[in-house]
Amino acid sequence: MKTIKRAISPWPRRILGNYIVEKFLSFYNYVLYKKNPLVQIMYLIIAIGGFAVYVFVGFMRLIPGPYVGEYHKTVGTWIMMFCYLSFIIACNSSPGIIRKSNHTKAIKRYPYDNLIYLKNNECKTCKFTKPARSKHCSMCNICIEKFDHHCIWINNCVGLNNYRYFIMFVGSHAVVCTYGAIIGILVFIGIIEEQKLWTSQYINYKTGEKLNATVWIVLRYLLDHEFPFAFVTILCIVMTIMLSCFFGYHLWLAMTNVTTNERYKNAALFGYFTEKLDFLNFWKENFDSNHTE
Ligand SMILES: [Zn+2]
Ligand SMILES: [Zn+2]
């Protein structure tokens, strides 16, 4: 397990004192290298807080609107509930822990490729031969079958037995963010039309100058008057882009039967051989006596 090296320069100790620096280092170590629920808590704050804004502002005041029907309250609530459920399932699902009892079965599951998975490669912590496609998670301190990665959002490893729940977790959140972004944009289009924001004039508070509507002025007006709902809509738009890319990436990995761990290892291996090949070409071109111009 990775631990923080005490190579911290002496000036923070002189200014803050040993006690505070040690506490800070152990907190840093805990956050980055130990299994902890901090990011899970962050998820709950964002997911529950975001939906609360949708309920208390969107559902109670802005929906239904000219472009958003009443039924979206029910549909949106069900999709969000499914997201919470997928989070609970992903957090509590077993990734496929390798124990002494199931080790023989795990060894037989995948063949060794003798490239990134070598026979007789022992896990020093678990004290058994590592099955092909497995990895020891330093955060959970266990070996996982068909290890994908350790996900800090669900505070759990993702492996053979729970990859489908992880895909469901990411996919459902990509859907809810897309849905929230579209509904939010439609709500704002409704507000712009109802309040005739394109044809209105705006007063600059500092100069008193009257201004005609521009895209920037209308967006500023909406942000000022509907800040919580606008903030959640912007968050949904950003998250839609990020989660859709991430979801697409994992679907591609699943379809090609490659784990995130193997993707990185293959890339490292490819980089290694490319480097070797470059060196060989360089050698051949410059030092090989048989080489002719
Ligand atoms: Zn292990
Ligand atoms: Zn883990």
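Our structure's up above, just so we're on the same page.
Presented here is an overview of the structure given in this document. (Residues numbered from 1 in each chain as written. Chains lettered and ligands numbered in written order. Predicted model: local features only at pLDDT ≥ 70, side-chain atom pairs only at ≥ 80, totals over all residues.)

**Let's talk about the overall build of the protein**
The secondary structure content of the protein amounts to nine helices and eight strands. The globule rule puts the C-alpha radius of gyration for 293 residues at 19 Å, and the 27 Å found for the protein is more than 25% above it. If you line up the protein on its principal axes, its C-alpha atoms span 80 × 60 × 55 Å. Counting the 293 residues in the protein, one finds 24% classified as buried. A fraction of 62% describes how many contacts in the protein between residues 6 or more apart in sequence connect residues 24 or more apart. (Helix = DSSP H or I, 4+ residues; strand = E, 2+ residues; numbered from the N terminus. Rg over C-alpha atoms; globule rule 2.2 N^0.38 Å. Buried ≥ 20, exposed ≤ 12 C-beta atoms within 10 Å, placed from the backbone. Contact = placed C-beta atoms within 7 Å.)

**Examining the packing of helix H3 (residues 38–62) against helix H8 (residues 227–255)**
It is the contact of H3 with H8, at a shortest axis distance of 9 Å, that shows an interaxial angle of 125°. Considering the angle they form, H3 stands oblique to H8. Judged by the sense of rotation from one axis to the other, the crossing of H3 with H8 is left-handed. Between H3 and H8, the contacting residues are Gly50, Val53, Tyr54, Val57, Gly58 and Leu62 on the first element and Pro228, Phe229, Val232 and Leu235 on the second. Class assignment of the residues belonging to the contact of H3 with H8 gives a composition of eight nonpolar, two polar and no charged. (Axes fitted to C-alpha atoms, helices over the stretch in contact; angles between N-to-C directions. Parallel < 35°, antiparallel > 145°, perpendicular 65-115°, else oblique. Left-handed = near helix turned anticlockwise from the far one by under 90°. Nonpolar A, V, L, I, M, F, W, Y, C, P; charged D, E, K, R; others polar.)

**Let's talk about unusual backbone geometry**
The phi angle of most residues is negative, glycine excepted, and most peptide bonds adopt the trans form. The linkage connecting isoleucine 63 with the following residue, proline 64, adopts the cis geometry, with an omega of 5°. As for its placement among the helices and strands, proline 64 is situated in the loop between H3 and helix H4 (71–92). You will see that lysine 196, though not glycine, has its phi angle at about 50°, which is positive. Position of lysine 196 relative to the elements: it lies in the loop between helix H6 (163–194) and strand E7 (201–203). Owing to 9 C-beta atoms within 10 Å, lysine 196 belongs among the exposed residues under this scheme. You will see that asparagine 257, though not glycine, has its phi angle at about 55°, which is positive. By C-beta crowding, asparagine 257 is classed as exposed, having 9 other C-beta atoms within 10 Å.

**Things to note about the nonpolar core**
Judged by nonpolar contacts, the single largest core of 32 residues is most densely connected at Ala90, Ile144, Phe166, Phe169 and Cys177. Of all the secondary-structure elements, those providing two or more residues to this core are H3, H4, strand E4 (142–144), strand E6 (156–158), H6 and H8. At nine residues, the largest contribution of residues to this core is made by H6. Sequence-distant contacts of cysteine 177, defined by excluding residues within four places in its chain, comprise Cys236, Met239, Thr240 and Leu243. Among the nonpolar cores identified, the runner-up in size contains five residues, and Ile63, Val68, Val187 and Phe188 belong to it. (Core = buried A, V, L, I, M, F, W, Y, C linked by C-beta atoms within 7 Å.)

As far as function goes, none of this settles anything; it's purely spatial.
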